[in-house]
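Examination of the molecular architecture
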Amino acid sequence: MFPLTDDIPKCLLPLANRRLLAYQLDLLIKSGVAELFVVSPREYETQLRQFLADYMRSGSITIDLIITDDMVGSADGLRAVSDRIRGDFICLSADFISSVALGELVNMHRLNSSDCTMLFARAAVDAKRDEVDQEYIGMADDGRVLMKVPLLEIEESIDVAKQLLHKTATFSLRDNLIDMGVYVFSHWVMEYLTDSPRVSNVRTELVPFLVVRQFQSAAYLLKAMPALGHRARPLDRVEPWLVSNADSAPRSKSTLPPRWDYEHMCASSSLSEMCDT
């Protein structure tokens, strides 16, 4: 978004006489979030402290600003609050804005014992999309996420693992979904990030990592992600899946332009046969 963000963080850009971050905070508070952390590089500390001070004057909630000197990607932002997170948590990117009910996403996360619950937007056929944001999402007939492959990583063809084909008779590749950068994670994912400093980006590295591990052996999964051994429920295998709630109970109408329609999708990591908690 340069040059708009040359001297101001993206989350403080103005929209309808308010800052983008104000809409995000409103959404989180209305969804019943009790603790809020805003993570930022030090270069934006002064601007964000002033904004948050003004915002909190109109409400009773306390919002903690966490400043980091080493924030290359979104995963670094999560690691900066690792000592403050005590359970499952919501992670939002700086440019997300909608009136979608996050409570529904959290409920879906809990009801399905998910380890990662994602929010996608479904784009119209004629919608203009940045190549960087385009992905192929592999879905089984039952709605499970089997693949999450960025378009830029594809040269001539997409490789499909034999073990994936053994687990599902048929699946479809969708290219009309946009990962909105809104996630509900289980607490063990934070521990995994803390132990994995090379993971820099949540959307392009962490989530695809969880998806691609779903059909690997229990022994390999525990070796690759020791934090799984600290989960509060039995462990089996990583099995990301997603569910569209288009036909479910009424939900909030999106504030995005009419050409975008929201789908709620869960990516669940359910690992139980591997070890005892």
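These numbers come from a predicted model, not from an experiment.

Regarding the overall build of the chain
- Tallying secondary structure elements over the chain gives 8 helices and 13 strands in all.
- When each of the 277 residues of the chain is scored for burial, the buried share is 45%.
- Long-range pairs, those at least 24 residues apart, make up 73% of the contacts in the chain between residues at least 6 apart in sequence.
- Within the structure as shown, the chain displays about 14,700 Å² of accessible surface, and the carbon and sulfur contribution to it stands at 50%.

Considering the side chain of Asp76
- On the secondary structure map, Asp76 appears in helix 3 (residues 74–79).
- Side-chain polar atoms of Asp76 contact the backbone nitrogen of Val72, separated by 3.0 Å.
- There is a polar contact of 2.8 Å between the side chain of Asp76 and the side chain of Arg79.
- Not counting residues up to four positions away in its chain, the partners in contact with Asp76 are Asp70, Met71 and Ser200.

Examining the sheet that holds strand 7 (residues 135–140)
- Strand order across the open sheet formed by 3 strands is 8-7-9, with antiparallel pairing between neighbours. If you trace the sheet from one side to the other, it starts and ends with strand 8 (145–150) and strand 9 (171–174), each paired once. Between one strand axis and the next, the sheet turns through 15° on average, direction left out of account.
- In this structure, strand 7 lies alongside strand 9, joined through 4 bridges in antiparallel fashion. Residue pairing across strands places Met139 opposite Ser172, the latter belonging to strand 9.

Description of the packing of aromatic side chains
- Counted under the stated rule, the structure contains 4 aromatic pairs.
- Considering the side-chain rings of Tyr192 and Phe209, the 5.2 Å spacing of their centres and the 15° angle between planes classify their relative orientation as stacked. Taken together, the positions of Tyr192 in helix 6 (residues 187–194) and Phe209 in helix 7 (residues 202–212) put the pair 17 residues apart, joining distant regions of the chain.
- By way of ring pairs, the aromatic residues Phe89, Tyr183 and Phe185 are connected into one cluster.

Side note on helix 7
- With 8 of its 11 residues buried, helix 7 lies for the most part within the structure.
- Among all positions in helix 7, only Val202, Arg203, Leu206, Val207, Pro208, Phe209, Leu210 and Val211 are buried.
- Capping the start of helix 7 is the job of one residue whose side-chain oxygen sits 2.9 Å from the backbone nitrogen of Arg203: Asn201.

Some details on the pattern of salt bridges
- Using the criterion set out here, one finds 11 salt bridges in the structure.
- In this structure, the salt-bridge partner of Arg42 is Asp69, at a minimum N-O distance of 2.5 Å. With Arg42 in the loop between strand 3 (36–41) and helix 2 (45–56) and Asp69 in the loop between strand 4 (63–68) and helix 3, this pair connects stretches of sequence that are 27 residues apart.
- A residue is classified by how much of its surface remains accessible, and Arg42, at 42% relative accessible area, is partly exposed.
- When the shortest N-O distance is used, the salt bridge between Arg79 and Asp76 registers 2.8 Å. Here Arg79 and its partner Asp76 are both found in helix 3, 3 residues apart, which amounts to about one turn of the helix.
- We classify Arg79 as buried; its relative accessible area is 16%.
- Because the salt bridges share partners, they merge into one network encompassing Arg42, Glu45, Arg49 and Asp69.

Procedures and definitions
- As a convention, each chain's residues are numbered from 1 in the sequence order in which they are written.
- Note on the predicted model: pLDDT of at least 70 is required for a residue's local features to be given, and 80 or more for side-chain atom pairs to be given and counted; whole-chain, interface and lining totals, by contrast, use all residues.
- Just so you know, side-chain values use all the structure's heavy atoms and leave hydrogens and water out.
- Elements are defined by DSSP. Helices are runs of H or I of four residues or more, strands are runs of E of two residues or more, and each kind is numbered from the N terminus.
- Burial classes follow relative accessibility: with a 1.4 Å probe on protein chains only, a residue under 20% of its type's maximum area counts as buried, one over 50% as exposed, and anything between as partly exposed.
- Two residues form a contact once any of their heavy atoms are found within 4.5 Å.
- For accessible areas, the Shrake-Rupley method is used with a probe of radius 1.4 Å. Any residue's cover is judged against the shown protein chains and nothing else.
- As used in this structure description, the phrase polar contact means that two N or O atoms lie within 3.5 Å; if the pair is within protein, one of them must be able to donate a hydrogen and the other to accept it, and residues adjacent in sequence are counted only when both atoms belong to side chains.
- One bridge is not enough; two strands pair if DSSP finds at least two bridges between them.
- Axis geometry follows a simple rule: fit a line to the C-alpha atoms, using only the stretch in contact for helices, then measure angles between N-to-C directions, giving values from 0 to 180 degrees.
- Within 6.5 Å between ring centres, the rings of Phe, Tyr and Trp (the latter by its six-membered ring) count as paired, and their orientation is classed by plane angle as stacked under 30 degrees, edge-to-face over 60, tilted in between.
- For salt bridges, the criterion is a side-chain nitrogen of Lys or Arg within 4 Å of an Asp or Glu carboxyl oxygen.

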